[in-house]
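For reference, the chains in residue letters:
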2 protein chains.
Amino acid sequence: MYNNFKSEIIYQDTFTVSPFAETKDLLIYDQRLHSFLSPHLPSWQYKYALEAGEDLKEFSTATKIIEKLCEYWGTSSSRQSRIIVCGGGSIGDFAGFFASILKRGVQLVQIPSTWLAAIDSAHGGKTGLNIHKIKNQLGTFYPAHQVYLFKDLLFYQPEERAQDAFGECLKMMLMGPIAWDDVNRRVQSDLFSFLWDQLPSAIEKKYQIVLEDPYELTGKRKWLNLGHTFGHVLESVTGKGHGLCVLQGLRFSLGWSVRRGYCSSPYADAIENFIHRSRVPVWQGPDFKELLIHSQLEKLLQADKKSQSDREIDFVFIGGPENVFVQKVKISDVIEEVSRQGWIIS
Amino acid sequence: MYNNFKSEIIYQDTFTVSPFAETKDLLIYDQRLHSFLSPHLPSWQYKYALEAGEDLKEFSTATKIIEKLCEYWGTSSSRQSRIIVCGGGSIGDFAGFFASILKRGVQLVQIPSTWLAAIDSAHGGKTGLNIHKIKNQLGTFYPAHQVYLFKDLLFYQPEERAQDAFGECLKMMLMGPIAWDDVNRRVQSDLFSFLWDQLPSAIEKKYQIVLEDPYELTGKRKWLNLGHTFGHVLESVTGKGHGLCVLQGLRFSLGWSVRRGYCSSPYADAIENFIHRSRVPVWQGPDFKELLIHSQLEKLLQADKKSQSDREIDFVFIGGPENVFVQKVKISDVIEEVSRQGWIIS
């Protein structure tokens, strides 16, 4: 058991195994990293490659792998052993869940390989598994003991991986002051370097929020849901990357915040201009409107884990610079706004 | 998520559903309690009967039931829902594990139906599942929010259930002062009433120890392992009740403590006399010696979860009144003592 929600964060330019290759530890890694990791793999006696993706997060699949891992490593491990996980969100979630229940909790070290995991999912101690594709029905609060961020590993990822992290990066930026000229210039010149430079402040802000509400009891952690209500809907119906959908969800929240008078147009324009300069793809409502029909939208919003009832959900609005806030809204009002923004056949 | 290790304990003479029959809650209960519970069952909209025993604790079985429970109740439940569990150790362990991972933790209310669960396993926040019969390989630390102790439910159990709790009761007694004349008189007259009267002090002592070391990190919780090292060996080879085996394990520790000069003979005699008056069955070594062969004993002791290495384990000795203590011992020394006490073909 490890319940210090402030993980130790270590930034390094080059991947190295020395801090965590101990004979009794287990390395779990994304099989796609095999060639990147292959010079280092002999350092681990126990290692296990997995195929990333939502299938791995399905409870029945995950528990079968947990049984295999227990057979492979269980009797060699002790409560002093560690699980080192090198991969993106789904592998990090799976390994975090496994670490949280093995011998009632062994230490977890996260080495995020995707920008999305590096900036968001490796931090904050949430693990989640799905039951019949209903997301995160099962899981634990189980923070990593350490998170290693290796520049060469993250830069090894394809461009789309960086684009997929941009939405979560922007989400965290909106919770603090922004020097628009500086960030516009940097994001336009190189998205990878921009993300790498933003990591420390984005991560720091996430931990500030998490530490105020580690177990999601006071409501503060709901701030982190900015862009996710409509983002999850798009993710479900399009199957596109989580981060790209969150970016769209963030723009949806921005548009609604302006219309309700919470957020000034110049601030919204500055955000849209910044997104434009990043060259991360955005979509317009009509691109998908054949997919978003009223009844489906209602069902997806009701299933949202932040839903408090069948008719209301907590929605995160943008109130201006350094200001996001949560407000209860009617699901019917969300649907009306989705329609108004041109995403739906009304 | 609920991580207050001091559960609220409620003692009542008569079973009543009023404190915990809310429409959104789930009742999980031992199917053997069906006739006892039947007048109350209509109070719950969601209820699920299970067959108790070690099979339920096998990970592959438990996860299949968890999937069924998610299908049955998952979408009707929220993080504000509670799981009410009425049963003994195996059902309490299963339900505690499920509560700890459902939506990253929902509230758990324990209603122990066996004396062993009432005095021990319902308290202290340990849940455990087995992998291929290796005990408690997977689990969580997840204390119950409340533990209800109903006198009529516990007195409804057969005599053997009370006998099976006597070892754990005695274990907790040894950690405090004992008025021998009083307890001898009471245990001789009625074991059920004796256990009921002992519950508050035994439970209070357990929480004192648990709160000093909730996550089993400082070593203090190892005190609770008194009688369990040799007890688990007997449990594995004989299949007899956990508590009866712990009582034997406690006597084994007592004999060894006397031989090593840690414990005076008069104190040991007082304990043995008290056990005798309880009329709880005890065995002599020769009863089982055909079962305990050297190689098997070594393997079982090495697999003990309190083992720190292949050659040493932590063993709990009795140092005299109000004094138990943990000491590292060689596995070979345990085997020698088992042989010396007549339990093994040397």
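Because the structure is predicted, anything quoted here is derived from the model rather than measured.

A.B. asks: I'd like a rundown of unusual backbone geometry, residues and numbers included.
C.D. replies: Residues other than glycine seldom take positive phi values, yet Asn-136 of chain A does so here, at roughly 55 degrees. Turning to its location among the elements, Asn-136 of chain A is positioned in strand β7 (residues 134-141). The exposure class assigned to Asn-136 of chain A is buried, which follows from its relative accessible area of 15%. The residue Glu-216 of chain B is not glycine, and still its phi comes out positive at about 60 degrees. As for its position among the elements, Glu-216 of chain B is in the loop between α9 (191-212) and α10 (228-238).

A.B. asks: So, the interface of chain B and chain A: which residues are in play, and what are the values?
C.D. replies: Across the contact, 34 residues belong to chain B and 34 residues belong to chain A. Buried area between chain B and chain A, summed over both chains or domains, comes out near 3,000 Å², and the portion from carbon and sulfur atoms is 58%. As a salt-bridge pair, Glu-216 of chain A and Arg-79 of chain B come within 3.4 Å of each other at their nearest N and O atoms. Here chain B is connected to chain A by 12 residue pairs in polar contact (both at pLDDT 80 or more). Only α3 (59-73), α4 (89-101), β6 (126-131) and β7 (134-141) of chain B provide two or more residues apiece to the side of chain B that touches chain A. Residues of the side of chain B that touches chain A, tallied by class, amount to 14 nonpolar, 13 polar and 7 charged.

A.B. asks: For the pattern of salt bridges, give the residues involved together with the corresponding values.
C.D. replies: All names here are of chain B. With the rule as written, the count across this model stands at 34 salt bridges over all chains. The salt bridge involving Asp-197 is made with Arg-186; its shortest N-O contact spans 3.8 Å. You can see Asp-197 sitting in helix α9 and its partner Arg-186 sitting in helix α8 (residues 180-189), a full 11 residues away along the chain. The shortest N-O distance in the salt bridge between Arg-340 and Glu-337 comes to 3.0 Å. You can see Arg-340 and its partner Glu-337 sitting in helix α14 (residues 331-340), 3 residues apart, about one turn around the helix. Given the relative accessible area of 0%, Glu-337 is considered buried.

A.B. asks: Hey, could you go over the sheet that holds strand β8 (residues 146-150) of chain B for me, with residue numbers and the actual values?
C.D. replies: All names here are of chain B. Pairing is parallel across the open sheet formed by 6 strands, whose spatial order is β1-β8-β5-β4-β2-β3. What marks the edges here is a single partner per strand, and that holds for β1 (8-12) and β3 (46-50). Within the sheet, the average angular offset between the axes of one strand and its neighbour, ignoring direction, is 15 degrees. Judged from the 4 bridges that link them, strand β2 (residues 26-30) and strand β4 (residues 82-87) form a sheet pairing that is parallel. Looking at the pairing, Leu-27 lines up with Ile-84 of β4.

A.B. asks: Pulling in residues and values, what's your account of the sheet that holds strand β5 (residues 107-112) of chain A?
C.D. replies: Residue and element names in this part refer to chain A. An order of β1-β8-β5-β4-β2-β3 is seen for the 6 strands of this open sheet, with the pairing classed as parallel. A strand with exactly one partner marks an edge of an open sheet, and here the two such strands are β1 (8-12) and β3 (46-50). Strand-to-strand twist of the sheet, defined as the mean angle between neighbouring strand axes without regard to direction, takes the value 15 degrees. In this sheet, strand β8 (residues 146-150) lies alongside β5 in parallel orientation, the contact comprising 2 bridges. Across the sheet, Val-109 pairs through a bridge with Gln-146, a residue of β8. Here helix α9 (residues 191-212) sits on the sheet and contacts β1 and β8; the angle it forms with β1, its principal contact strand, is near 180 degrees.

Thresholds applied
Residues numbered from 1 in each chain as written. Chains lettered and ligands numbered in written order. Predicted model: local features only at pLDDT ≥ 70, side-chain atom pairs only at ≥ 80, totals over all residues. Heavy atoms only, no water. Helix = DSSP H or I, 4+ residues; strand = E, 2+ residues; numbered from the N terminus. Buried < 20%, exposed > 50% of the residue type's maximum accessible area, 1.4 Å probe, protein only. Contact = heavy atoms within 4.5 Å. Buried area = accessible area lost by both parts, 1.4 Å probe. Salt bridge = Lys/Arg side-chain N within 4 Å of Asp/Glu carboxyl O. Polar contact = N/O pair within 3.5 Å; in protein donor to acceptor, adjacent residues only side chain to side chain. Nonpolar A, V, L, I, M, F, W, Y, C, P; charged D, E, K, R; others polar. Pairing = 2+ DSSP bridges. Axes fitted to C-alpha atoms, helices over the stretch in contact; angles between N-to-C directions.

Everything listed here is a matter of geometry and, on its own, says nothing about what the molecule does.
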